[in-house]
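# Architecture at a glance
Chain residues, written in single-letter form:
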Amino acid sequence: MAHIHLPPGWQGREQDAPDRSTYENRRTFIKKLGMGTVGLAAGTSLGCTSDGGRSAADDPTGPLDTIPANAPREGYPAARNNAYPVPERETSSRLITSSYNNYYEFKHRGDLKKVWPLTGDYDPFPMTLAVGGLVEEEQTFDVAQIIRSMALEERLYRFRCVEAWSLTVPWTGFPLRDLIDRCKPLSRATHVRFFSVNRPKQMPAATGGYYEFPYYEGLRMDEAMNELAFVATGVYGEPLPKQNGSPLRLVLPWKYGYKNAKAIDRIAFVDEEPPTFWNDEAPSEYGFLSNVNPNVPHPRWSQAQEEFLVDEDTKREVDTQIFNGYDEWVADLYPEEPRFPTQPMAR
Ligand SMILES: Nc1nc2c(c(=O)[nH]1)N[C@H]1C(S)=C(S)[C@@H](COP(=O)(O)O)O[C@H]1N2
Ligand SMILES: [Mo]
């Protein structure tokens, strides 16, 4: 159904990017070769089991049929916080946002974006959120309880993937700093790590491939405490569909999409810059900061423009803005950010 017609170069870029880049780091490549052999066999039997043990009733019938039935519904739709307008473009359709996704635990081969049909076995709730590292005390929260206890608001944000496509999305959720306050980090914590849930029995591509999950991301504390940093629990006035990161995902609108870890079940506070999933995969292509910046090309393509996806049939090329249009909120965090066209570099 929701099929996007993209020019060949565009398809090629998306489909090669992660796979080709894994070959650039020899150590990673060798490690992956070893894993690949084991993974192939495991993948095959896993496929049989899950096909055989699954009723068609579990399979989603469309991209909007993937909101977990037991997701908390109190507080939806939440009132829009109008402090972050996106005046220059329209809101992307709900269908495009829920049918055009990146979620490597579900799919990292072929038509990467068709994630929703593969989410039938994934039951996000119940989920716990474990908090550790440099904190006053380690804690484990129930995610549904966190969602119920936060004051939910809606924020319309630009969303820019490093692959040069973008959306405008009305997220529902709460400021990341409200969650961090509950975690009680020690003052010597300089960074915070986020880990996505890893459920190989529920996520068809979480084993047997080139990638080692869980997916992990990180921020400096000053970035995490910035007012823009948001935790989404919903989108378009309802709880998050599974493919968009149910039950909790990060939304960092001034950074490339891959910083927005989905389905977070663990947070750790640390005192040094932590490793991140894509930086470990391809250090020359994906840095730690990963701020949206039209002046800094990706080593294999320009970042000066993006394909803004309006709906399944409509896309428009628009100029990419520094910090994705959020200069006013985040410029002070990054005195080094290039303001003029420069050479590719991973930041
Ligand atoms: N756990 C996890 N989180 C992830 C990813 C992923 O593969 N796994 N992909 C990232 C990338 S590359 C993007 S562009 C966004 C996509 O979010 P969306 O599908 O809700 O648009 O999720 C990010 N978070
Ligand atoms: Mo992305």
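Anything mentioned here points back to the structure above.
Summarised in this report is the structure supplied together with it. (Residues numbered from 1 in each chain as written. Chains lettered and ligands numbered in written order. Predicted model: local features only at pLDDT ≥ 70, side-chain atom pairs only at ≥ 80, totals over all residues. Heavy atoms only, no water.)

## With respect to the sheet that holds strand β5 (residues 191–196)
The strands that make up a sheet pair up through hydrogen bonds in the backbone, lying either parallel or antiparallel. Going by this rule: Strands are labelled as partners when DSSP assigns at least two bridges between them. Working definition: helices are DSSP H or I runs of at least four residues, strands are E runs of at least two. Numbering for both runs from the N terminus. Lines fitted to the C-alpha atoms define the axes, with helices restricted to the stretch that makes contact. Angles between their N-to-C directions range from 0 to 180 degrees.
Strand order in the open sheet made by the five strands is β2-β1-β10-β5-β6, with mixed pairing throughout. The two strands at the open ends of the sheet, each matched to only one other strand, are β2 (139–142) and β6 (216–220). In this sheet, adjacent strand axes meet at a mean angle of 20° when their direction is disregarded.

## Focus on the pairing of β2
How we decide: Relative accessible area decides the class of each residue, using a 1.4 Å probe on protein chains only: under 20% of the type maximum gives buried, over 50% gives exposed, and in between gives partly exposed.
Burial along β2 is one-sided: the face carrying Q139 and F141 is buried and the face carrying T140 and D142 is not. Both strand β1 (residues 128–133) and β2 contribute to a ladder of four bridges, which runs antiparallel. Bridge pairing in β2 places T128 opposite D142. The antiparallel pairing of β1 with β2 creates a hairpin that spans five residues between the two strands.

## A few points about the layout of surface pockets
Gaps between atoms show up when a probe of the same size as a water molecule is rolled over them. Put simply, the rule is: A cavity, in this analysis, means grid points on a 1 Å lattice covering only the protein atoms where a 1.4 Å probe fits yet has no way out; a pocket is instead an open set bounded by protein on both sides within 12 Å along at least five of seven lines, and a residue lines either one if it has an atom within 4 Å of a point. Grid points are joined across faces, edges and corners, and a volume is the space filled by probe spheres set on the points. Note on residue categories: nonpolar means Ala, Val, Leu, Ile, Met, Phe, Trp, Tyr, Cys or Pro, charged means Asp, Glu, Lys or Arg, and polar means any other residue, Gly included.
Here the second largest pocket is characterised by a volume of approximately 280 Å³. For the lining of the second largest pocket, the per-class residue count stands at eight nonpolar, four polar and five charged.

## Observations regarding the nonpolar core
Cut-off, in case you're wondering: What we call a nonpolar core is a set of buried Ala, Val, Leu, Ile, Met, Phe, Trp, Tyr and Cys residues that are connected through their side-chain atoms within 4.5 Å. When checking whether two residues touch, look at their non-hydrogen atoms; a contact exists if any pair is within 4.5 Å.
Of all hydrophobic cores here, the largest spans 89 residues; its most connected members are L129, W171, L176, L179, W254 and F269. Per element, the largest residue contribution to this core is five residues, and it comes from strand β4 (residues 165–175). Setting aside anything within four residues of it in sequence, one finds W254 in contact with E223, N226, L228, A229, N291, V292, F323, N324, Y326, V330 and Y334.

## A word on the site of ligand 1
Under the convention used in this document: Residue proximity to a molecule or strand is established when one non-hydrogen atom of the residue lies within 4 Å of it. Two N or O atoms count as a polar contact when they lie within 3.5 Å, although within protein this holds only if one can serve as hydrogen donor and the other as acceptor, and sequence-adjacent residues are included solely when both atoms are side-chain atoms. Here, Shrake-Rupley sampling with a 1.4 Å probe gives the accessible areas, and only protein chains in the shown set may cover a residue. Criterion for pocket placement: a molecule counts as inside a cavity or pocket if more than half of its atoms are within 2 Å of its grid points.
With respect to spatial proximity, 16 residues lie near ligand 1, and among them N101, Y104, E105, S196 and K262 are the closest. Y104 is positioned such that a nitrogen or oxygen atom in its backbone is 2.7 Å from an oxygen atom of ligand 1. N260 is positioned with one of its backbone polar atoms (N or O) 2.9 Å from a nitrogen atom of ligand 1. Contact with the protein chains hides 98% of the accessible area of ligand 1, taken as 530 Å² for the molecule alone. Given that more than half its atoms are within 2 Å of the pocket grid, ligand 1 belongs to the largest cavity.

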